[in-house]
Amino acid sequence: MPVPERAWVVIALEDLPVDPHPDRVRLRFLQSGEDRAVKEARVLAGTTIFDAASWNGVAIDSTCGGHGTCKKCKVKVVSGHADLSAVDPRAFSIEELKSGWRLACRAPAQEDMTIEVPPLQTRPKAALVGVGRHVILRPAVQKRYLELDEATLVDQVSDLERVLAAMDDVEPRVPLDLVRSLGGTLRRSNWKITAVLADDVLIDVEPGDTTHRRFAIAFDLGTTTVVATLLDLETGLPKAVQSILNSQQPFGADVISRISATMMDDGAMEMLQTRAHETLQQLADEVCKEGEVERSEVYEIVVAGNVTMIQLALGIDPEPLSMAPFTIAARKLPAALASDFGVKVHERAPAVMFPALGAYVGPDIVAGVLATGLTLDRRIRLFIDVGTNSEIVLGSSAKVLATAAPAGPAFEAAQIRCGMRAAEGAIEGVKIHDGELDLTVIGDVQAAGLCGSGLVEAVAELLGAGILDNSGRFVLGSSDRLRKIGEENVFYLSDDVFLSQRDVRELQFAKASIATGWTILCKDLGIEPEDISQVLLGGSFGSYLTPASAVRIGLVPKLPYARIVAAGNVAGEGAKIVALSVTERAAANAMLDEIEYVELSGRTDFNDLFIDELSFPA
């Protein structure tokens, strides 16, 4: 909802002299966040407010990438004029329209304007930890303290050979730029140095004994949220963890929107890559500051993410991912450095990545499977990473199958009428006791919208109370909270937040897609759903979803609730495991041969099963 009126002191645009330009307009953005910053931009007349803001670093909420479908990019024109679009009356009341509220993506700037921008929640509620395993601490980053013999006329062994001879149990590769400074380092340190090895590469030679200081950063580069964990490689313990909203969000809430942006705008690819780099660097700086670690002491980064996020961050064209036959650039990408991801830590720090099984079962899922130990367990387990594109993995140490189900944006609340991210003001829990409604709102504030977990719980509770039937229709007369907006039935959760009939349909399509996915995997594995010993719900959404609600709407098999576990941020956990153990790193790469990918789009049985799964369980 639009933010309340604020006491802005608006400086007249005429106060700042700028040479007039017949084809350009000047926009002043008043950002009503913590710092209440003011930013100005000059853009070509006719540019939408949304694009002008995005190009100039002003964050405006959006999940559709500026295509006018999510109705979340709400701004207020304080001075100047923006014409009404056909979509604006569906997003605002008459009073709001009169006071200047507009959808930024549908408001071309034809004259100089001052625009108030509501605060964007850049730190959404996210799962920072998840189900992990104990691993033997054996990081790829190793340090050797060496006391070398000084070179003399009698002993004229080269500097590099002298260092390598002192480590005769390894044969590391040596970058040329390290040799450039090697001689000076040896002599300044009186031939007492620490050799830094990252796997089979000698990445540095440091003066003195620094063996007690070695660190790595594990990143989960999510489409919505990015998480960074600073790890002490001496102890294996995290020193700091931070999360932030992926700054690519103005290009859309899902990977398809961002791929589409690169196809329609020649400059979008570079911008998306820059946004990814900025996000990763900001988190790296934050965790280093929190952990009191110099950036040069971070000798390795590990990056887990879906295929699209990884390819965009590395500047690899993602267009082939969006159309049949859905081809990825490489299942296992060539070696990269942290600098390739825009992360300024140690200048020669490598960037470790996970392999991908397919276009939509990517490195983040391999990281999640590694963290859960699914391929090591004799029990049959089901792992579901719930999202716009929901990845499903089923199996045991005997055999593992994986697939991806196109669930759509319902779980991200992107196309939900009152949907919003899991930020302050979002309803995340709904309970109905004796006809009374009990809401759980993030931040314990007034409800402003409905996030994904709140949507699932609301539908589950309405089904249990008989307000929704198994076909997903509202039962008229079953509650005094049932009303109409136009011709559509809606259920009011609060004075301003409601669940519409269309919202319920969106959830039905999403859950049916996922249920069809695991049903097909059960069929191919030759098991019944009741044979599954455990269901693991991954990602931030899965962390806040109750087992009872997941079973009630048919998202997961009908099993005892104790068998359904919130796995949390397993992609991030997998990234940490790989940073701590070269043995686990090898296990992750071996999954290319251990997991069989099942493509649903070519299945003749998909449509029939999907239709069967549309109804809610009786």
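Refer to the preceding data block for the structure.
Residues numbered from 1 in each chain as written. Predicted model: local features only at pLDDT ≥ 70, side-chain atom pairs only at ≥ 80, totals over all residues. Heavy atoms only, no water.

Participant: I'd like to hear about the pattern of salt bridges, residue by residue, with values.
Facilitator: In the structure shown here, the tally under the stated rule is 21 salt bridges. A salt bridge links D155 to R162, with the nearest nitrogen and oxygen atoms 2.8 Å apart. By relative accessible area, D155 is classed as partly exposed at 24%. Residue R173 is joined to D200 by a salt bridge in which the shortest nitrogen-to-oxygen separation is 3.1 Å. With R173 in the loop between helix 4 (159–165) and helix 5 (176–188) and D200 in the loop between strand 7 (192–198) and strand 8 (201–207), this residue pair connects regions lying 27 residues apart in the sequence. (Salt bridge = Lys/Arg side-chain N within 4 Å of Asp/Glu carboxyl O. Buried < 20%, exposed > 50% of the residue type's maximum accessible area, 1.4 Å probe, protein only. Helix = DSSP H or I, 4+ residues; strand = E, 2+ residues; numbered from the N terminus.)

Participant: Go over the packing of aromatic side chains with me, naming the residues and quoting the values.
Facilitator: The final tally for this structure, using the stated rule, is five aromatic pairs. With 5.9 Å between their ring centres and 15° between their planes, F606 and F610 make a pair best called stacked. Highlighted residues: F606 and F610, both in helix 16 (residues 606–613), separated by four residues, approximately one helical turn. For the pair F606 and F610, one class covers both residues: buried. What links up through ring pairs into an aromatic cluster is the set F509, F606 and F610. (Phe/Tyr/Trp six-rings, centres within 6.5 Å; stacked < 30°, edge-to-face > 60°.)

Participant: With reference to specific residues and values, describe the sheet that holds strand 20 (residues 449–450).
Facilitator: Note on sheets: strands pair through backbone hydrogen bonds, and any given pair is parallel or antiparallel. Spatially, 19-18-20 is the arrangement adopted by the three strands of the open sheet, whose pairing is mixed. The sheet terminates laterally at strand 19 (436–441) and strand 20, the two strands that pair on one side only. Of the pairings in the sheet, the one linking strand 18 (residues 426–433) to strand 19 comprises six bridges and is antiparallel in character. Within the sheet, the bridge partner assigned to K431 lies in strand 19 and is D438. Of the strands in this sheet, strand 18 and strand 20 are in contact with helix 10 (residues 452–464), which crosses strand 18 at around 15°. (Pairing = 2+ DSSP bridges. Contact = heavy atoms within 4.5 Å. Axes fitted to C-alpha atoms, helices over the stretch in contact; angles between N-to-C directions.)

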